[in-house]
Amino acid sequence: MSTNTTDQAGVRVAIVTGASRGIGRSIAMRLARDGRHVVLVARSLPPLNDLKSQIESGGGKATAVACDVGDAGAVGKMVEQIAEQLGRVDILVNNAGITRDNLVLRMSDAEWDEVIRVNLTSAFAAIRTAARPMMRAKFGRIVNIASTSGVVGNSGQANYAAAKAGLIGLSKTIARELGSKGITCNVIAPGFIETDMTANLPGQVKDHVVGLQAVKRTGTGDDIAAAVAYVTSDEAGFLTGQTICVDGGMTMC
Ligand code: NAI
């Protein structure tokens, strides 16, 4: 783990998993711009180091950490180390996620297990560890990045929809357990966002989704980052247990 500074002096520390690209990268850049010390987490360090340099050259603060969030033990250790080295964990954004799509009759145990582990168990492990420093500080903002698939379901995504729906139940429970300690927990559920995850989907899928939306364009990482910036702000202390669908009005749930 590379650590560039300690933050005991009032700068809020924000852990963002899956920060190397896509939505996580946009969230990290936005939180850094808003003055957070951002802890960038992904499987390998080189792309994170590039992002760290970019944030620092803009006057922001960042720390890069390699961690496979599919390993719950490693996730717990990573959060613990950050709390020790930076002195605090104020914001946790569980964003890392994968898809292994298949129709349910063809879905293998491995496809099911991997998606549940990376998308859902990782968030549980990170929250369980981050809750301690947050409780000590009487402040915390937890955001889990789910998906509209977890709200309304999606053919071919039994594993992914179950994991994302699991994040919603997890978040409501955390909101209830920790609300009295100054800790909020919310879900952002993106619709169709242009990233590597959606890059290989056929054009008709994209057109179909946009056709279902009120806003006739695909979403961007910045659309999601703006919502995360608000729910992780100090002023959002009365908002908890919510699922906010940022999907151009596709579901309106
Ligand atoms: P992406 O595939 O572009 O990026 C995923 C990020 O997660 C990468 O940084 C990757 O390194 C990291 N990651 C994946 N597995 C990991 C592991 N085992 N350990 C550590 N890091 C790991 O995906 P995208 O589109 O940016 O998605 C981000 C989140 O948003 C995911 O949770 C995804 O399910 C969710 N989402 C995305 C939508 C979209 O349309 N792109 C729609 C709804 C939800």
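The notes below deal with the structure included here. (Residues numbered from 1 in each chain as written. Predicted model: local features only at pLDDT ≥ 70, side-chain atom pairs only at ≥ 80, totals over all residues. Heavy atoms only, no water.)

Read across the sheet, seven strands follow the order 3-2-1-4-5-6-7 without closing on themselves; strand pairing throughout is parallel. The open sheet terminates on both sides in strands that have one partner only, identified here as strand 3 (61-66) and strand 7 (243-246). For this sheet, the mean angle separating the axes of adjacent strands, direction not counted, is 20°. With four bridges connecting them, strand 4 (residues 91-94) and strand 5 (residues 140-145) associate as parallel partners. Residue pairing for strand 5: Val93 is matched across the bridge by Val143. Along the sheet, helix 1 (residues 22-33) makes contact with strand 1 (13-17), strand 2 (37-42), strand 4, strand 5 and strand 6 (183-190), crossing strand 1 at roughly 170°. (Pairing = 2+ DSSP bridges. Helix = DSSP H or I, 4+ residues; strand = E, 2+ residues; numbered from the N terminus. Axes fitted to C-alpha atoms, helices over the stretch in contact; angles between N-to-C directions. Contact = heavy atoms within 4.5 Å.)

The phi angle of most residues is negative, glycine excepted, and most peptide bonds adopt the trans form. Its identity is not glycine, yet Lys138 carries a phi of approximately 55°, on the positive side. Within the element layout of this structure, Lys138 appears in the loop between helix 4 (109-137) and strand 5. Among the residues examined, Lys138 registers a relative accessible area of 63% and is labelled exposed. The backbone of Met252 sits at a positive phi, close to 50°, despite the residue not being glycine. Within the secondary structure, Met252 is located in the segment after strand 7. Overall, Met252 belongs to the exposed group, its relative accessible area being 66%. (Buried < 20%, exposed > 50% of the residue type's maximum accessible area, 1.4 Å probe, protein only.)

This part covers the site of the ligand. For the ligand, the set of nearby residues contains 30 residues, the closest of which are Ser20, Arg21, Asn95, Tyr160 and Thr195. The side chain of Asp68 places a nitrogen or oxygen atom 2.8 Å from a nitrogen atom of the ligand. Tyr160 has a polar side-chain atom sitting 2.5 Å from an oxygen atom of the ligand. Surface burial for the ligand is 95%, taken as the share of its 820 Å² of free accessible area covered by protein chains. Taken together, the elements giving at least two residues each to the shell around the ligand come down to helix 1, helix 6 (158-178) and helix 7 (196-199). Looking at the shell around the ligand, the element that brings in the most residues is helix 7, giving three residues. Its residues assigned to classes, the shell around the ligand comprises 15 nonpolar, ten polar and five charged. (Near = heavy atom within 4 Å. Polar contact = N/O pair within 3.5 Å; in protein donor to acceptor, adjacent residues only side chain to side chain. Areas by Shrake-Rupley, 256 points an atom, 1.4 Å probe, with all protein chains shown as cover. Nonpolar A, V, L, I, M, F, W, Y, C, P; charged D, E, K, R; others polar.)

Worth remembering: the numbers are spatial, not functional.
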